2 protein chains.
Amino acid sequence: MAFKEELAGYAAMVDKALDEYLPSASNYPSLIHEAMRYSVFAGGKRLRPALVLASARAVGGGYQFVLPAACAIELLHTYSLVHDDLPAMDNDDLRRGRPTSHKIYGEAMAVLVGDALLTLAFEILAGLSRSGSVDTGRILRVIHEVAVAAGTMGLIGGQVVDILSSDKLIDRQVLDYIHSRKTGALYKASVRAGAMLSGATPEQLDKLTLYAENLGLAFQIVDDILDIEGDEQKLGKPVGSDTKNQKATYPALYGLAAAKDMARQAAEHATGALASFGAEAGFLRGLVGFVLNREN
Amino acid sequence: MAFKEELAGYAAMVDKALDEYLPSASNYPSLIHEAMRYSVFAGGKRLRPALVLASARAVGGGYQFVLPAACAIELLHTYSLVHDDLPAMDNDDLRRGRPTSHKIYGEAMAVLVGDALLTLAFEILAGLSRSGSVDTGRILRVIHEVAVAAGTMGLIGGQVVDILSSDKLIDRQVLDYIHSRKTGALYKASVRAGAMLSGATPEQLDKLTLYAENLGLAFQIVDDILDIEGDEQKLGKPVGSDTKNQKATYPALYGLAAAKDMARQAAEHATGALASFGAEAGFLRGLVGFVLNREN
């Protein structure tokens, strides 16, 4: 199957499950459930949940046992976007071409939407045992790892340093820190959750981790490049915001040509980490090219 | 042992464990860890974690196996206070006589502090299996229940309705909804977590749940009364803010005398729910009087 069709298949599977996990707006209090759905169904590419599913497949696991974890990680990603967009944070009015949560529902509700998505993610993870098919000890290890990836040593830590670094000259070390946490941590947690729940060997887990780290890096460098060279129409947001906000980026630190080289190199490392996997890792390989050549 | 000494003992046990669970400010990024500690060590009474420990004891369980859950629930409570105090929410400058998180660290950091405490709570709950002494299936059920209590059908739902109701006339049904979620949900999760982790029978669990529901109600009514009759010095915050903000309260809806009767009645129901427990539920009984007669 062509990569894009496979990604669309994963996204459809995830969307259907998310629709079941998210309380409908007919549940009281209606507004928060409506607002949660607004941000979750906002046209995300579902790359993280696809990574969970594809990693399970790469080690011979079934989708149905890891689908809740895939949804939980997408909710964590969405929560982080909703809170990052807040006026007190990055103050973004648009996300994927649509008004951000606080523009529609107000700041108080946007804070609570993020809180609720974060909380629901752990509710879903704890419910993983319901199928009865996954070892409960394994589930607890995954919950622990996801929480660490989302916490102050991961996602939140990256956002803290990003905020404290705005309007400051930062070096490569700080830039790497921000991106390995803001993007890398959830990418890594995604592949590891999918693989761990499916009984990956320690060796498989190490290789998939290396893959995810490099894929996350490639993704972030391309993100920085798109903010310079991208098409506003395709991106759904204005370009040049990093330059305007004096954000440290890979092109700003290294120049555009060198940044492109770095993205290609990270992509090669990601592909290389999968060398010992067979055809069942086809989607993970295809994702590398997709991330490198994406236009939004 | 006198009740207040026992509560102080529980609080000391919880504070010591929280100090171990919270990353020290020497961990990068320093500011978020400093800010998390600022709000967690702000003179809270530690009633919720004491409920976790005392419920374990009431059903014959040991403290060490439930102490992580006690800490996790206190972190959830602290996160909800930090976010509730935000300018976009209740816009409170003082909490327990000290400036609130956003007054010291700014709004962005206060949002992230709440996020980080919420996330750490689940990291700690997932780590409950480390002692090897608690059944992993039981731990997953507790994580699920705590997540539901903290989510849009619990704590967050209560805050949503509270915010949407400000400056509006509300009826008893809405008032009960707000308080049973904002206060009741975590009280209930506390006793249930302590009891479930300690292998309570379904009957014990039902009675402790009834106890917690009534204790939470008494606590909330007394809170409303203290906002009218309390001593600002002892409360550490100005009185009269509910009236000023036109918040619906029990005294506002029923009158002060009737509200006091309701608090006493809820307290009696709480005590009554413990009738079949022996001396090992002594602390839970003492807590009822403490909640009813507290001055802050």
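The rules we used
Residues numbered from 1 in each chain as written. Chains lettered and ligands numbered in written order. Predicted model: local features only at pLDDT ≥ 70, side-chain atom pairs only at ≥ 80, totals over all residues. Heavy atoms only, no water. UniProt positions renumbered as here; feature names shortened; annotations may be inferred. Helix = DSSP H or I, 4+ residues; strand = E, 2+ residues; numbered from the N terminus. Buried < 20%, exposed > 50% of the residue type's maximum accessible area, 1.4 Å probe, protein only. Areas by Shrake-Rupley, 256 points an atom, 1.4 Å probe, with all protein chains shown as cover. Lys, Arg positive; Asp, Glu negative; His and termini not counted. Charge placed at Lys NZ, Arg CZ, Asp CG, Glu CD. Least-squares fit on C-alpha atoms with pLDDT ≥ 70 in both. Contact = heavy atoms within 4.5 Å. Buried area = accessible area lost by both parts, 1.4 Å probe. Salt bridge = Lys/Arg side-chain N within 4 Å of Asp/Glu carboxyl O. Polar contact = N/O pair within 3.5 Å; in protein donor to acceptor, adjacent residues only side chain to side chain. Axes fitted to C-alpha atoms, helices over the stretch in contact; angles between N-to-C directions. Parallel < 35°, antiparallel > 145°, perpendicular 65-115°, else oblique. Left-handed = near helix turned anticlockwise from the far one by under 90°. Nonpolar A, V, L, I, M, F, W, Y, C, P; charged D, E, K, R; others polar. 1 Å grid on protein atoms, 1.4 Å probe; cavity = no way out; pocket = protein on both sides within 12 Å on 5 of 7 lines; lining within 4 Å. Points joined across faces, edges and corners; volume = space filled by probe spheres on them.

Chain A appears in an unreviewed UniProt entry as Farnesyl diphosphate synthase from Desulfallas thermosapovorans DSM 6562. The UniProt entry for chain A carries the following comment under Catalytic activity (unreviewed entry): "isopentenyl diphosphate + (2E)-geranyl diphosphate = (2E,6E)-farnesyl diphosphate + diphosphate".

Teacher, can you tell me more about the overall build of chain A here?
On a plain count of helices and strands, chain A comes out with 15 helices and 2 strands. In terms of principal-axis extent, the alpha carbons of chain A reach across some 50 × 50 × 35 Å. In chain A, which comprises 296 residues, the proportion classed as buried is 56%. Approximately 11500 Å² of chain A is accessible, and the part contributed by carbon and sulfur atoms is 51%. Each charge class in chain A was averaged separately, 29 positive and 35 negative side chains, and the resulting centres sit 3 Å apart.

Looking at this structure, how should I read the relation of the copies chain B and chain A?
The operation relating the two chain copies consists of a rotation about an axis and a shift along that axis. Of the two same-sequence chains, chain B is brought onto chain A (RMSD 0.0 Å, axial shift 0.0 Å) by a rotation of 180°. Here the copies are linked by what is in effect a two-fold axis. When each C-alpha of chain B is compared by its distance to the rotation axis, B:Thr136 comes out closest, at 3.0 Å. Most of the interface of chain B is mirrored in chain A: 100% of its interface residues are interface residues there too.

What am I meant to see in the interface of chain B and chain A here?
Where interface size is given, it is often the accessible area lost as the parts come together that is meant. Each partner contributes residues to the interface: chain B has 48 residues there, and chain A has 48 residues. Carbon and sulfur atoms supply 78% of the area that chain B and chain A bury against each other, a total of about 4000 Å² over both sides. Applying the counting criterion to the chain B and chain A interface returns 0 salt bridges. Counting every contact that joins chain B to chain A gives 7 residue pairs in polar contact (both at pLDDT 80 or more).

So what exactly am I meant to see when it comes to the side chain of A:Thr100 here?
Along the chain, the position of A:Thr100 falls in the loop between β2 (98-99) and α5 (101-105). Those residues within four positions of A:Thr100 in sequence are excluded, and the remaining contacts are A:Asp85, A:Asp92, A:Asp93, A:Leu94 and A:Arg95.

Help me understand the pattern of salt bridges in this model?
Where charged atoms from two side chains of opposite charge approach closely, those side chains can pair. Residues and elements named next belong to chain A. Applying the stated criterion to the full structure yields 30 salt bridges over all chains. Note that Asp-19 is salt-bridged to Arg-37, the shortest N-O span being 2.7 Å. Pair noted here: Asp-19 is in helix α1 (residues 3-21) and Arg-37 is in helix α2 (residues 30-40), with a separation of 18 residues, a long-range link. What makes Asp-19 partly exposed here is its relative accessible area of 40%. A relative accessible area of 17% places Arg-37 in the buried class. Between Lys-182 and Asp-162 there is a salt bridge, with the nearest N and O atoms lying 3.0 Å from each other. In this pair, Lys-182 sits in helix α9 (residues 172-197) while Asp-162 sits in helix α8 (residues 155-165), placing the two residues 20 residues apart along the sequence. By relative accessible area, which is 22% here, Lys-182 ends up partly exposed.

I'm lost on helix α8 (residues 155-165) of chain B in this one. Help?
An α-helical turn contains 3.6 residues, so a residue and the one three or four places further along point in the same direction. With 9 of 11 residues buried, α8(B) is to be regarded as a mostly interior element. Taken residue by residue, α8(B) has B:Leu155, B:Ile156, B:Gly157, B:Gly158, B:Gln159, B:Val160, B:Val161, B:Asp162 and B:Ser165 as its buried positions. Its buried side turned inward, α8(B) meets α2 and α6 (107-126) of chain A together with α4 (67-84), α7 (136-150) and α9 (172-197) of chain B. Positive phi appears at B:Asp167, one or two residues downstream of α8(B), with a value of about 65°.

In this structure, what is going on with the packing of helix α10 (residues 202-229) of chain B against helix α15 (residues 282-293) of chain B? I would like to understand it.
Residues and elements named next belong to chain B. Direction vectors running N to C along α10 and α15 enclose 15°, while the axes themselves pass 9 Å from each other. For the element pair α10 / α15, the angle class is roughly parallel. Pair α10 / α15 crosses with left-handed handedness. Residues Leu-208, Tyr-211, Leu-215, Ala-218, Phe-219 and Val-222 of α10 form the contact with α15, whose participating residues are Leu-284, Leu-287, Val-288, Val-291 and Leu-292. In terms of residue class, the contact of α10 with α15 is built from 11 nonpolar, no polar and no charged.

Got a minute to help me understand empty space enclosed by the protein in this structure?
Empty space among the atoms becomes visible once a probe the size of a water molecule is rolled across them. Residue and element names in this part refer to chain B. With the rule as written, the count across this model stands at 6 cavities of 30 Å³ or more. When its volume is computed, the largest cavity comes out at roughly 150 Å³. Surrounding the largest cavity, 16 residues form its lining, Ser-39, Ala-42, Val-82, Asp-85 and Arg-95 being those nearest its centre. If you list the elements that add at least two residues to the lining of the largest cavity, you get α2 (30-40), α4 and β2 (98-99). For the lining of the largest cavity, the leading source of residues is α4, giving 4 residues. Residues belonging to the lining of the largest cavity are distributed by class as follows: 6 nonpolar, 4 polar and 6 charged.

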